[in-house]
Amino acid sequence: MADRLMARRPVSALRLVEYVKKLVAGARGNVVSISLKRAKRELGLSSRAEAAALKAALDALASLGLLEAVPSRRKPRYLLKRGSLLWTMLEAGREEQAAELAAAAAMRHRLRRL
């Protein structure tokens, strides 16, 4: 069952969670800002499809309330606050759970758009 879930998870979900964990580990304050452009560069995403999957995963996490979306057409950003569920999960080392949550939320977000 877990192998089937791993096969269906978008490639960028686990990489996204690892990137956010790196940001959380290096945080000096109570808020981490995730910009779409910087995340694409750090994750090495080059195709538009990968970038769209990344944006869908971030939007899905925002729709669950795990990230706060800062509305902007020019520079989409997302805020992660200390003490939130996602921050706590990443500090506790539960990246797999966070990746599963991101993948499931992104899939639900895509289905809702159809």
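Residues numbered from 1 in each chain as written. Predicted model: local features only at pLDDT ≥ 70, side-chain atom pairs only at ≥ 80, totals over all residues. Heavy atoms only, no water.

> Looking at this structure, I do not really get the overall build of the protein chain. What am I missing?
Across its full length, the protein chain carries six helices and three strands. When the elements of the protein chain are put in sequence order from the N terminus, they spell out α-α-β-α-α-β-β-α-α. A burial count over the protein chain gives 38% of its 114 residues as buried. Long-range contacts, defined here as pairs at least 24 residues apart, represent 62% of the contacts in the protein chain between residues at least 6 apart. For the protein chain, the computed accessible surface area is about 7,200 Å², with 53% contributed by carbon and sulfur atoms. (Helix = DSSP H or I, 4+ residues; strand = E, 2+ residues; numbered from the N terminus. Buried < 20%, exposed > 50% of the residue type's maximum accessible area, 1.4 Å probe, protein only. Contact = heavy atoms within 4.5 Å. Areas by Shrake-Rupley, 256 points an atom, 1.4 Å probe, with all protein chains shown as cover.)

> Explanation requested: a positive patch on the surface in the structure shown.
On the surface, K37, R38, R41, R74, K75 and R77 cluster together to form a positively charged patch. Sorting elements by how many residues they give to the positive patch places helix α3 (residues 36–43) first, with three residues. Mapped onto the secondary structure, K75 falls in the loop between β2 (68–70) and β3 (77–81). (Patch = residues over 30% accessible without salt bridge, like charges linked within 9 Å, V, L, I, M, F, W, Y side chains within 5 Å. Salt bridge = Lys/Arg side-chain N within 4 Å of Asp/Glu carboxyl O. Lys, Arg positive; Asp, Glu negative; His and termini not counted. Charge placed at Lys NZ, Arg CZ, Asp CG, Glu CD.)

> Would you mind showing me how to read the environment of E68 here?
Note on placement: E68 falls in strand β2. Judged by its relative accessible area of 37%, E68 falls in the partly exposed class. Separated by 10 residues in the primary sequence, E68 and Y78 place their C-alpha atoms 5.4 Å from one another. The contacts of E68, once residues within four sequence positions are left out, are R77, Y78, L79 and K81. At 2.9 Å, the side chain of E68 and the side chain of K81 are in polar contact. (Polar contact = N/O pair within 3.5 Å; in protein donor to acceptor, adjacent residues only side chain to side chain.)

> Any chance you could explain the environment of L45 here in plain terms?
Position of L45 relative to the elements: it lies in the loop between α3 and α4 (48–63). On the accessibility criterion, L45 (12% relative accessible area) is buried. Sequence-distant contacts of L45, defined by excluding residues within four places in its chain, comprise R15, K40, E50, A51 and L54.

> Got a minute to help me understand α3 in this structure?
Three or more residues of α3 are buried, namely L36, A39 and L43. Projected down its long axis, α3 carries its buried residues within an arc of 65°, all on one side. Exposed and facing more than 90 degrees away from the buried side of α3 are K37 and R41. The positive-phi residue at the C-terminal boundary of α3 is G44, with phi of around 70°. (Arc of directions from axis to C-beta.)

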